[in-house]
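Chain residues, written in single-letter form:
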Amino acid sequence: MDAVDQLRQSFAAVADPSNAAPMAAYMKHIAPFVGVHADLRRRVVRTWCSQLSLHSAYDVCSLISLLCREPERAFHYAAADVAAYWLRLLDASFIADHAATLLLQTPWWDSVDLWGSDVINPLCNRYECATTLWHWNGSGNRWLIRASIQHQRGRKQHYDVDLVFALCAPHVADSEFFVAKAIGWALRDIAKYQPARVQEFVAAHPQLSTVARREALRRIERGLLQ
């Protein structure tokens, strides 16, 4: 039995099939679901990963590729979980050579944001990836643009604010929902620690979409700072 079959058996052992249809509907039927929620999926994948022996980025990418070929969404999530588990084996070349393909593998906000938070963010924090981020930002693809803008979310006081603002700026008037949300959420994160800078950015970009503006200022207007 190969590794992916073992993971399939592990998912089957804990899945609640009655959850599968509602989960698929929530994600607009981007893929079928097996009925395993996120926390449980992560525990299953961590246990499975601990029983494998991967020694190089090639090994990691090969396993990720196999997982992405499976139809169910749990395996697409597991691909990102695998990369996060073996993050120590990856470097900037993973972002430059593989990340865009993975972001666009059956893309929807769930998988794009998972790759962003668990893999792209920490690798971009560890290595210089700005060239790739700018390539994504100018690609015209909403998912790559979203990933570039959100690549620092959750860094708290350690944002490179100038870089995030620069990545947002070309898209401030974009009404595409997932791009506008990405801008708004990135600015909202920064606003928790540097509200004046976010207010300055918003004021300097009157063409900022309504969605992005609302999200960017939400924390400030509600007084939810530090």
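Our subject in this report is the structure included herewith.

What counts, and at which threshold
- Residues numbered from 1 in each chain as written.
- Predicted model: local features only at pLDDT ≥ 70, side-chain atom pairs only at ≥ 80, totals over all residues.
- Heavy atoms only, no water.
- Helix = DSSP H or I, 4+ residues; strand = E, 2+ residues; numbered from the N terminus.
- Rg over C-alpha atoms; globule rule 2.2 N^0.38 Å.
- Buried < 20%, exposed > 50% of the residue type's maximum accessible area, 1.4 Å probe, protein only.
- Contact = heavy atoms within 4.5 Å.
- Areas by Shrake-Rupley, 256 points an atom, 1.4 Å probe, with all protein chains shown as cover.
- Disulfide = S-S within 2.5 Å.
- Axes fitted to C-alpha atoms, helices over the stretch in contact; angles between N-to-C directions.
- Parallel < 35°, antiparallel > 145°, perpendicular 65-115°, else oblique.
- Left-handed = near helix turned anticlockwise from the far one by under 90°.
- Nonpolar A, V, L, I, M, F, W, Y, C, P; charged D, E, K, R; others polar.
- Expected span 1.5 Å × (residues − 1).
- Salt bridge = Lys/Arg side-chain N within 4 Å of Asp/Glu carboxyl O.

A look at the overall build of the protein
In step 1: Each helix and strand counted, the protein has 13 helices and zero strands in total.
In step 2: Compactness check: the protein gives a C-alpha radius of gyration of 18 Å against a globular reference of 17 Å for 226 residues, within 12% of the reference.
In step 3: Its C-alpha atoms give the protein principal-axis dimensions of about 60 × 40 × 35 Å.
In step 4: Across the 226 residues of the protein, 48% fall into the buried class.
In step 5: Within the protein, contacts between residues separated by at least 24 positions form 70% of all contacts whose residues are at least 6 apart in sequence.
In step 6: Counting every atom, the protein has about 10800 Å² of accessible surface; 52% of that belongs to carbon and sulfur.

What to know about the side chain of arginine 41
In step 1: Turning to its location among the elements, arginine 41 is positioned in helix α3 (residues 38-50).
In step 2: Excluding residues within four positions of it along the chain, arginine 41 makes contact with Phe11, Val36, Ala74, Tyr77, Ala78, Asp81 and Leu114.

Some words on the state of the cysteines
In step 1: Counting across every chain of the model gives zero disulfides.
In step 2: With no disulfide of its own, cysteine 61 lies closest to cysteine 68 among cysteine sulfurs, the gap being 10 Å.
In step 3: With relative accessibility at 17%, the residue cysteine 61 sits in the buried group.

So, the packing of helix α10 (residues 161-168) against helix α11 (residues 177-191)
In step 1: Where α10 meets α11, the closest approach of the two axes is 11 Å, and the angle between their N-to-C directions is 160 degrees. Comparing their axes, α11 and α10 come out roughly antiparallel. The way α10 lies across α11 gives a crossing that is left-handed. Counting all contacts with α10, which are made through Val161, Val164, Phe165 and Cys168, the residues of α11 involved are Ile183, Ala186, Leu187 and Ile190.
In step 2: For the contact of α10 with α11, the per-class residue count stands at eight nonpolar, no polar and no charged.

Notes on the side chain of serine 111
In step 1: Mapping serine 111 onto the fold places it in helix α7 (residues 109-126).
In step 2: Other than its neighbours up to four places away in sequence, serine 111 contacts Arg73, Tyr77 and Thr106.

Notes on unusual backbone geometry
In step 1: For lysine 28, which is not glycine, the phi torsion reads 60 degrees and is therefore positive.
In step 2: Secondary-structure assignment places lysine 28 in the loop between α2 (20-26) and α3.
In step 3: One non-glycine residue, histidine 29, adopts positive backbone phi at about 60 degrees.
In step 4: Residue position: histidine 29 is located in the loop between α2 and α3.

Digging into helix α5 (residues 73-85)
In step 1: Taking 1.5 Å per residue, 13 residues should reach 18 Å; α5 reaches 18 Å between its end C-alpha atoms and fits that length.
In step 2: With 11 of 13 residues buried, α5 lies mostly within the body of the structure.
In step 3: Considered for burial, the residues of α5 that qualify are Arg73, Ala74, Phe75, His76, Tyr77, Ala78, Ala79, Ala80, Asp81, Val82 and Ala83.
In step 4: Lining the buried residues of α5 we find α1 (3-14), α3, α4 (57-69), α6 (92-103) and α7.

Points about the pattern of salt bridges
Side chains bearing opposite charge may pair, as long as their charged atoms lie close to each other.
In step 1: In the structure shown here, the tally under the stated rule is 12 salt bridges.
In step 2: Notably, a salt bridge pairs lysine 181 with glutamate 215, separated by 2.7 Å at the nearest N-O pair. Of the two residues, lysine 181 sits in helix α11 while glutamate 215 sits in helix α13 (residues 210-221), which places them 34 residues apart along the sequence.
In step 3: Overall, the relative accessible area of 3% leaves glutamate 215 in the buried class.
In step 4: Between arginine 218 and glutamate 215 there is a salt bridge, with the nearest N and O atoms lying 2.9 Å from each other. With a gap of three residues between them, arginine 218 and glutamate 215 both fall in helix α13, about one helical turn apart.

A few points about the environment of leucine 104
In step 1: As for its placement among the helices and strands, leucine 104 is situated in the loop between α6 and α7.
In step 2: Spatially, the C-alpha atoms of leucine 104 and glutamate 176 are 17 Å apart, while their sequence positions differ by 72 residues.
In step 3: Every residue in contact with leucine 104, bar those within four places of it in the chain, is listed here: Asn141, Trp143 and Leu144.

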